[in-house]
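Working through the structure, step by step
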Amino acid sequence: MSPIHIEPKSLKNILAKWAREPYPSVISPWKVVVVPAVIIFLVLYLLQPFSIARIGSGKLWVTLGSACISAGVSSLFVWVLPWMFPRYYEERAWTLGKEVLGTLALLLCITVCVWFYVSWLCGVMPGVRLFFTVLLWVLILGAFPTVLFAMWNRNIRLARNLREATELNLRLSKKQEAEEMPSATLVFSGGTKDTLVMDARSFLYAESEGNYVRLHYLSPKDNRPVSRLLRLTMKQAEAAVASAPFIVRCHRAFLVNLHQVTKMDGNSQGYRLRLEECAEEVPVSRAYVRRVKLLIESD
């Protein structure tokens with residue numbers, strides 16, 4: 001039986017596809033900071049690996065210092081960097097590749113901080129040998145469980161969201177058969193003279209683009225989807241659709257007409273809505289999932 005041979009190009013495509021898989025953003029940031037720090041403290045203090053037992057009475061403060069380093073670096077990655085680079089950390093653009101890359105960067109930063117910490121404790125210069133020793137410690141304590149948790153968490157969330165999406169699709173099809181979309185006139189007007197008036201039944205979705213909002217709707221001439229960019233804020237767009245309760249905010253950057261939704265897809269990040277005649281899907285962010293689900297499930 002000949003061994004299985006994978007072409008380098010095929011392997012590269014597999015890894016690229018894997019890296020682009022959507023991954024859920026952090027639900028409880030404080031848990032990402034506190035839980036690993038507590039685990040590190042307990043492992044170091046109770047099991048006393050890496051010759052910590054030789055420290056004697058000072059081992060409590062040494063292990064506490066290591067836990068604080070973990071918490072501090074984790075706080076940087078969980079709160080500071082997302083605040084500084086919001087586009088990179090945007091929820092709908094977060095992937096498994098970014099999650100693993102971020103985790104490896106986190107472990108490297110912890111390694112550097114612990115390297116200087118141990119050098120200070122021992123009163124020695126931070127040499128190369130010590131760096132690789134600390135790197136080995138950090139990898140043993142954190143790398144494998146962290147990456148394993150990332151995969152496990154993604155699969156659990158994916159299975160749950162797929163199941164709920166299937167249930168909501170059944171409810172969605174029943175609602176579309178039973179309900180008729182009410183009529184209302186929508187007037188979108190921003191800080192300029194540019195104004196767009198449409199029937200609420202024609203509205204598909206709206207997407208924020210910086211200082212503008214792109215409105216997607218069905219053309220009154222041939223009922224085909226078209227779009228128009230207006231200088232408008234999402235708050236102004238949301239106020240314009242207030243008379244149509246079936247048009248709701250589903251994301252920080254999106255409004256959607258739930259009566260135009262034909263299907264809901266679930267992935268590890270949450271849900272994405274498919275609309276009539278639209279190639280693009282509309283994301284539902286974590287902050288708005290509950291509201292969207294309640295509206296779809298309501299009779």
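Look up a bit, the structure's there.
Residues numbered from 1 in each chain as written. Predicted model: local features only at pLDDT ≥ 70, side-chain atom pairs only at ≥ 80, totals over all residues. Heavy atoms only, no water.

**Observations concerning the overall build of the chain**
What counts is decided by this rule: Counting from the N terminus, the helices are the DSSP runs of H or I reaching at least four residues and the strands are the DSSP runs of E reaching at least two. We call a residue buried when its accessible area falls under 20% of the maximum for its residue type, exposed when it is over 50%, and partly exposed in between, using a 1.4 Å probe and counting protein chains only. Only heavy atoms matter for contacts: two residues are in contact if any of them lie within 4.5 Å across the pair. Residue burial considers only the protein chains on display, and all accessible areas are found by Shrake-Rupley using a 1.4 Å probe.
Check the secondary structure of the chain and you find seven helices and ten strands. In the chain, which comprises 299 residues, the proportion classed as buried is 38%. For the chain, long-range pairs separated by at least 24 residues make up 57% of all intrachain contacts whose partners lie at least 6 apart in sequence. By element, 63% of the accessible surface of the chain is carried by carbon and sulfur atoms, the whole surface being about 18,100 Å².

**A look at the packing of helix H2 (residues 29-47) against helix H3 (residues 59-84)**
Applied cut-off: Orientation is described by axes fitted as lines to C-alpha atoms, over the contacting stretch for helices, and by angles from 0 to 180 degrees between their N-to-C directions. Each angle is binned into one of four classes, with values under 35 degrees roughly parallel, values over 145 roughly antiparallel, values of 65 to 115 roughly perpendicular, and all other values oblique. Should the near helix be turned counterclockwise from the far one by less than a right angle, the crossing is left-handed, whereas a clockwise turn marks it as right-handed. All residues other than Ala, Val, Leu, Ile, Met, Phe, Trp, Tyr, Cys, Pro, Asp, Glu, Lys and Arg, Gly among them, are scored as polar; the first ten of these are nonpolar and the last four charged.
One can describe the packing of H2 onto H3 by two numbers: an axis separation of 8 Å at closest approach and a directional angle of 160°. Classified by the angle between their axes, H2 and H3 sit roughly antiparallel to one another. Like other packed secondary-structure pairs, H2 and H3 cross with a definite hand, here right-handed. Here Pro29, Trp30, Val32, Val33, Pro36, Ala37, Ile40, Phe41, Leu44 and Tyr45 of H2 lie close against H3, whose contacting residues are Lys59, Leu60, Thr63, Leu64, Ser66, Ala67, Ser70, Ala71, Ser74, Ser75, Val78 and Trp79. Residues that form the contact of H2 with H3 fall into these classes: 16 nonpolar, five polar and one charged.

**Structural notes on the environment of Tyr205**
Tracing the backbone through its elements, the reader meets Tyr205 in strand E3 (residues 203-209). Separated by ten residues in sequence, Tyr205 and Leu215 place their C-alpha atoms 6.3 Å apart. Setting aside chain neighbours within four positions, we find Tyr205 in contact with Arg214, Leu215, His216, Phe254, Leu255, Val256, Leu275, Cys278, Glu280 and Val282.

**Notes on the packing of aromatic side chains**
Heads up, the rule is: Each pair of aromatic rings taken from Phe, Tyr and Trp, with Trp reduced to its six-membered ring, is defined by centres within 6.5 Å and is described as stacked if the planes are under 30 degrees apart, edge-to-face if over 60, and tilted in the remaining cases. Working rule: Lys NZ or Arg CZ, within 6 Å of ring centre, within 35 degrees of ring normal, means a charge sits over the ring.
Applying the stated criterion across every chain, the model contains ten aromatic pairs. Pairing Tyr89 with Trp94 gives two aromatic rings, centres 5.2 Å apart and planes at 20°, and the pair type is stacked. Since its relative accessible area comes to 22%, Tyr89 is described here as partly exposed. On the accessibility criterion, Trp94 (8% relative accessible area) is buried. Taking 5.0 Å as the distance between ring centres and 45° as the angle between the ring planes, the aromatic pair formed by Trp115 and Phe116 counts as tilted. Looking at Trp115, the relative accessible area reads 16%, which means it is buried. Above the ring of Tyr88, the side-chain terminus of Lys98 is found at 4.3 Å from the ring centroid. Sitting over the ring of Tyr212, Arg231 keeps its end group 5.4 Å from the ring centre.

**Quick word on the pattern of salt bridges**
Stated formally: The term salt bridge refers to a pairing of a side-chain nitrogen on Lys or Arg with a carboxyl oxygen on Asp or Glu at a separation within 4 Å.
Per the stated rule, a full pass over the model turns up eight salt bridges. The partner of Arg272 in a salt bridge is Glu281, with the nearest N and O atoms 3.4 Å apart. Residue Arg272 is classed as partly exposed on the basis of its relative accessible area of 22%. Judged by its relative accessible area of 25%, Glu281 falls in the partly exposed class.

**A short note on the nonpolar core**
Counted only if it meets this: Residue types Ala, Val, Leu, Ile, Met, Phe, Trp, Tyr and Cys, when buried and joined through side-chain atoms within 4.5 Å, form a set referred to as a nonpolar core.
Counting residues in hydrophobic clusters, the biggest one holds 21 residues, and the most contacted among them are Leu186, Phe188, Phe203, Leu215 and Ile247. When residues of this core are traced back to their parent elements, those giving at least two are strand E1 (185-189), strand E2 (195-199), E3, strand E4 (212-218) and helix H6 (234-240). With residues up to four places along the chain from it excluded, the contact list for Leu215 reads Phe188, Leu196, Phe203, Tyr205, Ala206, Val226, Ser227, Arg228 and Leu230. Residues Ala165, Leu258, Val282 and Val292 belong to the second largest nonpolar core, which totals 20 residues.

**Remarks on the side chain of Glu99**
The condition is simple: What qualifies as a polar contact is a pair of N or O atoms within 3.5 Å, subject to a donor-acceptor requirement within protein and to the restriction that residues adjacent in sequence count only when both atoms come from side chains.
Within the secondary structure layout, Glu99 lies in helix H4 (residues 96-122). Within the local environment of Glu99, its side chain forms a polar contact with the side chain of Trp94, the two groups lying 2.9 Å apart.

**Remarks on unusual backbone geometry**
Of all residues except glycine, most have a negative phi; of all peptide bonds, most are trans. One non-glycine residue, Asn223, adopts positive backbone phi at about 60°. Among the secondary structure elements, Asn223 is positioned in the loop between E4 and strand E5 (225-230). Owing to a relative accessible area of 49%, Asn223 belongs among the partly exposed residues under this scheme.

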